Amino acid sequence: MRKILVSVLLAAVALYANCALALDSSSTPVVVTPLASRTTTASGQPITLPQKNVQVLVSTYDIAPGATLPVHRHPFPRYAYVEAGTLKVTNVETGNSNTYKTGDFIIEMIGQWHQATNIGDGPVKLLVIDQVEQGAKNTELRQ
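A. A look at the pattern of salt bridges. Scanning the entire structure with this criterion turns up 3 salt bridges. With a closest N to O distance of 2.9 Å, Lys 125 and Asp 62 form a salt bridge. Of this pair, Lys 125 sits in strand E8 (residues 124-133) while Asp 62 sits in strand E1 (residues 54-63), and the two are 63 residues apart along the sequence. According to the relative accessible area criterion, Lys 125 is partly exposed, its value standing at 35%. For Asp 62, a relative accessible area of 53% gives the class exposed. For the salt bridge of Glu 140 with Arg 73, the shortest nitrogen-to-oxygen distance reads 2.9 Å.

B. Fine view of the packing of aromatic side chains. This model, assessed by the stated rule, comprises 1 aromatic pair. Between Tyr 79 and Phe 105 the ring centres are 6.4 Å apart and the planes differ by 10°, which places this aromatic pair in the stacked class. With Tyr 79 in strand E3 (residues 78-84) and Phe 105 in strand E6 (residues 105-107), this residue pair connects regions lying 26 residues apart in the sequence. The exposure class assigned to Phe 105 is partly exposed, which follows from its relative accessible area of 21%.

C. Region of the structure containing the side chain of Asn 91. Following the sequence through the fold, Asn 91 ends up in strand E4 (residues 86-91). Residue contacts for Asn 91: discarding those within four places in its chain leaves Ser 43, Asn 96, Met 109, Gln 112, Trp 113 and His 114.

D. Focus on the pairing of E8. As paired strands, E1 and E8 are joined by 10 bridges and run antiparallel to one another. What sits directly across from Ser 59, in E8, is Val 128. Relative to E8, E3 runs antiparallel, the two being bridged by 6 bridges. Note that in E8 the partner of Tyr 79 across the bridge is Ile 129.

E. The arrangement of the side chain of Arg 78 in detail. Looking at the secondary structure, you find Arg 78 in strand E3. Among the residues examined, Arg 78 registers a relative accessible area of 6% and is labelled buried. A distance of 2.6 Å separates polar atoms of two side chains, one belonging to Arg 78 and the other to Asp 130. Each residue touching Arg 78, except ones within four places of it in the same chain, is listed here: Tyr 61, Ile 106, Ile 107, Glu 108, Val 128, Ile 129, Asp 130, Asn 138 and Thr 139.

The rules behind the values
Residues numbered from 1 in each chain as written. Predicted model: local features only at pLDDT ≥ 70, side-chain atom pairs only at ≥ 80, totals over all residues. Heavy atoms only, no water. Salt bridge = Lys/Arg side-chain N within 4 Å of Asp/Glu carboxyl O. Helix = DSSP H or I, 4+ residues; strand = E, 2+ residues; numbered from the N terminus. Buried < 20%, exposed > 50% of the residue type's maximum accessible area, 1.4 Å probe, protein only. Phe/Tyr/Trp six-rings, centres within 6.5 Å; stacked < 30°, edge-to-face > 60°. Contact = heavy atoms within 4.5 Å. Pairing = 2+ DSSP bridges. Polar contact = N/O pair within 3.5 Å; in protein donor to acceptor, adjacent residues only side chain to side chain.

Below is the structure:
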């Protein structure tokens, strides 16, 4: 069921991108630029959604140059768009790292311990979208 939902959502995004100009009612065109289309997280896991009462949370993060977030994990899907800066995310369980720059889209790993460091000269600015079970938090810090 979840695979079907993800497929339907991705198809809707593709259809929207192809039909955007037709939806414009003025003489100014609407330009849609697809940013990402993925079925797996940054560590290769299939994307799975919460099982009940899904709540969408949207937030921004500003991470100072040189700052490192504590080791943490996410029990539910988290997506991030890098608005500015350079962020290195390391899976502390495997040692694998990915570096993300302005314009990149991150589909974060689920249930795996990781941390992120701003490795650039300026702040990292992220737009973060979480899909959680209603009332749940999506970040657990390692004790």
